[in-house]
Amino acid sequence: MSSRTGSALSRMLTVLRKELLDLFRDRRTGMVTLLSSIAAGPIFLLLIFNLIASQSDRARELKLPIAGAEYAPALVAFLERQQVTVTTAPADYDALIRQGDLDVVLIVDEHFAVDVERGKPGTIRLVFDRSRDRARASIDQAESLLRGYNRLWGEQRLMLRGLTSSVANPLRVETADLATPQQSGALVLFLVAYYGLFASVMGGMAVALDTTAGERERQSLEPLLMTPARPAEIVTGKWLAVCAFDALVVMLTLTGFYLTLAFAPLPPVGVPFLFGMREFARFALVLVPMILMLPAILLYVGSRARTYREAQANVSVLLFVVSLIPMIQLFMQRKEPTWIMLVPVSAQYSLLNTSLRGEAPALAQLALSWLAPAALIVIALVAVGRKLSRESILSGR
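Small disclaimer: the values here were computed from a predicted structure and weren't measured.

### Considerations on the pairing of strand E1 (residues 63-67)
- Bridge count between E1 and strand E2 (residues 85-88): four bridges; the pairing is parallel. Bridge pairing in E2 links Pro65 to Thr87.
- In terms of handedness, the path from E1 via helix H3 (residues 73-81) over to E2 forms a crossover that is right-handed.
- Across two bridges, the pairing between E1 and strand E3 (residues 104-108) is parallel. Directly across from Ile66, in E3, lies its bridge partner Leu106.

Below, the structure written as structure tokens:
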């Protein structure tokens, strides 16, 4: 019994070694996958940080075109004291805003001064296109400044009438934010979790398809099936090879995140980003089920396809599902139920976000997140083994 087990193990290791040799013999494919996993993370983070920094700069250096500034000189003086660059609005400001050349324009009604003298509210109008992401920071700051001026003006009016400003503001609101600095940054860092999850799919895709549909097209699968190795041993060896390469890609991606956040000269964004060795280890632990499950599913997809091109088309459906699930969780904006730990991809995405918030994933949640991937691994590998045991596998039927 022990000799049979040892023989089966040696055959699986032989298949594993053969697949790894085939992988690294095709240096172009392997190098492209590895280099992209190393470079994509840092480039991704640099783009995100620069986007946030540019939005912050636009808000900090607000340029506000005003039409009718002569009707409200006190308002203009207030804005200039707040370091706002006041300019004269062009006549075609509506068209310029629609084209994206202007972010926001302030229009002062020509009857502003008359209305104020009569004790009526003065009318001003902000014109903007909030659908443009790049303009939102400027829009929000302009609205905030006008609210501040409105509050200041109201308090001064009350003081002139001998009333304290608290008469008009009977409610004093105090806030207490319980989020730690790292939790505050996790709202932006969800993209890191998303990309780390996606790396576990992309890492094994090319290898899994090449070792199934690719081998069948090259007609190198038949000699492998003629060896003493059983179909189950062949499948296990192929699966271990894909898992090994997938794990390498994920580790390189996480290393890119760690090095970029630790040492790269990133622009200041006002958000504390932490991704140290502790977060690195938690990410790796959470992604283990994905590193093991996705290669098994990819092998099954590749074994069912008649051609390599068909296998790629089928994998695109898997990529769509994996990329869509985290986006659904993000936009639902509700507390995640306990049973979500039983849903592959959703469970891992939730645990990655927990790690980014500076919290250690609970052992019970980790255990639940393993159940469905373990079942899918067994089902997929058994299905691929049965496919390999049939002669029709060589013809792609």
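### Section: the sheet that holds strand E4 (residues 124-128)
- Strand order in this open sheet of four strands is E2-E1-E3-E4, and the pairing throughout is mixed. Of all the strands in the sheet, just E2 and E4 have a single pairing partner and so form its edges. Going across the sheet, the axis of each strand differs from the next one's by a mean of 30 degrees, ignoring polarity.
- Contacts from helix H6 (residues 136-160) reach E3 and E4, with the element oriented near 170 degrees to E4.

### Notes on the confidence of the model for the protein chain
- Residues of the protein chain with pLDDT of at least 70 account for 81%, and the chain-wide mean is 79.
- Low pLDDT (under 50) marks residues 1-5, which in the prediction has one contact with non-local residues, meaning those over four places away or in another chain.

### Considerations on the side chain of Asp246
- Assignment of secondary structure puts Asp246 in helix H9 (residues 231-263).
- One buried charged residue, Asp246, remains without a salt bridge, the closest side chain of opposite sign being Lys238 at 16 Å.
- Beyond its immediate stretch of four places on either side in the chain, Asp246 contacts Ala199, Ser200, Gly203, Gly204, Met290, Ile291 and Pro295.

### Description of the environment of Pro373
- One can find Pro373 in helix H13 (residues 363-388).
- The sequence separation of Pro373 and Ala296 amounts to 77 residues, and the corresponding C-alpha distance is 9.8 Å.
- The contacts of Pro373, once residues within four sequence positions are left out, are Pro289, Met293, Pro344 and Gln348.

### Quick word on the environment of Ala72
- Within the secondary structure, Ala72 sits in the loop between E1 and H3.
- Distance from Ala72 to Val116, taken between C-alpha atoms, is 9.9 Å for residues 44 residues apart in sequence.
- Other than its neighbours up to four places away in sequence, Ala72 contacts Val108 and Phe112.

### Looking at a nonpolar patch on the surface
- On the surface, Val317, Phe320, Val321, Leu324 and Ile328 cluster together into a nonpolar patch covering about 430 Å² of accessible area.
- Residue position: Ile328 is located in helix H11 (residues 308-332).

### Points about the packing of H9 against helix H10 (residues 277-304)
- One can describe the packing of H9 onto H10 by two numbers: an axis separation of 9 Å at closest approach and a directional angle of 145 degrees. Read as a crossing pair, H9 and H10 show a hand that is right-handed. Facing Val235, Lys238, Trp239, Val242, Cys243, Asp246, Ala247, Val250, Met251, Leu254, Thr255 and Tyr258 of H9, the residues of H10 in contact are Met277, Phe280, Phe283, Ala284, Leu287, Met290, Ile291, Leu292, Pro295, Ala296 and Leu299.
- The residue makeup of the contact of H9 with H10, split by class, is 20 nonpolar, one polar and two charged.

### Things to note about the packing of aromatic side chains
- For the coordinates displayed, the defined rule picks out four aromatic pairs.
- Between Phe78 and Tyr149, the aromatic rings sit 5.1 Å apart at their centres with planes inclined by 45 degrees, giving tilted as the arrangement. With Phe78 in helix H3 and Tyr149 in helix H6, this residue pair connects regions lying 71 residues apart in the sequence. Tyr149 carries the same exposure label as Phe78, and that label is buried.
- Aromatic rings pair up to connect Phe78, Phe112, Tyr149 and Trp153 into one cluster.

### Things to note about the pattern of salt bridges
- One pass over the structure, following the stated rule, counts six salt bridges.
- For the salt bridge of Glu215 with Lys18, the shortest nitrogen-to-oxygen distance reads 2.1 Å. Residue Glu215 is found in helix H7 (residues 181-218), and its partner Lys18 is found in helix H1 (residues 2-25); the two are separated by 197 residues along the sequence.
- Between Asp140 and Arg130 there is a salt bridge, and its shortest N-O distance comes to 3.3 Å.

### Some points on unusual backbone geometry
- Unlike most non-glycine residues, Gln83 shows phi in positive territory, near 65 degrees.
- With respect to the element layout, Gln83 can be found in the loop between H3 and E2.
- Its identity as a non-glycine residue notwithstanding, Val345 has a phi of 75 degrees, on the positive side.
- Topologically, Val345 is positioned in the loop between H11 and helix H12 (346-356).

### Focus: H10
- Along its 28 residues, H10 runs 40 Å from first to last C-alpha, staying within 8% of the 40 Å computed at 1.5 Å per residue.
- Of all the bends found along H10, the most pronounced is centred on Leu287 and spans about 40 degrees, while Pro289, a proline, follows it within four residues.

The rules behind the values
Residues numbered from 1 in each chain as written. Predicted model: local features only at pLDDT ≥ 70, side-chain atom pairs only at ≥ 80, totals over all residues. Heavy atoms only, no water. Pairing = 2+ DSSP bridges. Helix = DSSP H or I, 4+ residues; strand = E, 2+ residues; numbered from the N terminus. Right-handed = clockwise from strand over helix to strand, strands pointing away. Axes fitted to C-alpha atoms, helices over the stretch in contact; angles between N-to-C directions. Contact = heavy atoms within 4.5 Å. pLDDT = per-residue confidence, 0-100. Buried < 20%, exposed > 50% of the residue type's maximum accessible area, 1.4 Å probe, protein only. Lys, Arg positive; Asp, Glu negative; His and termini not counted. Salt bridge = Lys/Arg side-chain N within 4 Å of Asp/Glu carboxyl O. Patch = residues over 30% accessible without salt bridge, like charges linked within 9 Å, V, L, I, M, F, W, Y side chains within 5 Å. Areas by Shrake-Rupley, 256 points an atom, 1.4 Å probe, with all protein chains shown as cover. Left-handed = near helix turned anticlockwise from the far one by under 90°. Nonpolar A, V, L, I, M, F, W, Y, C, P; charged D, E, K, R; others polar. Phe/Tyr/Trp six-rings, centres within 6.5 Å; stacked < 30°, edge-to-face > 60°. Expected span 1.5 Å × (residues − 1). Bend = angle between axes of the 7 residues up to and from the residue.

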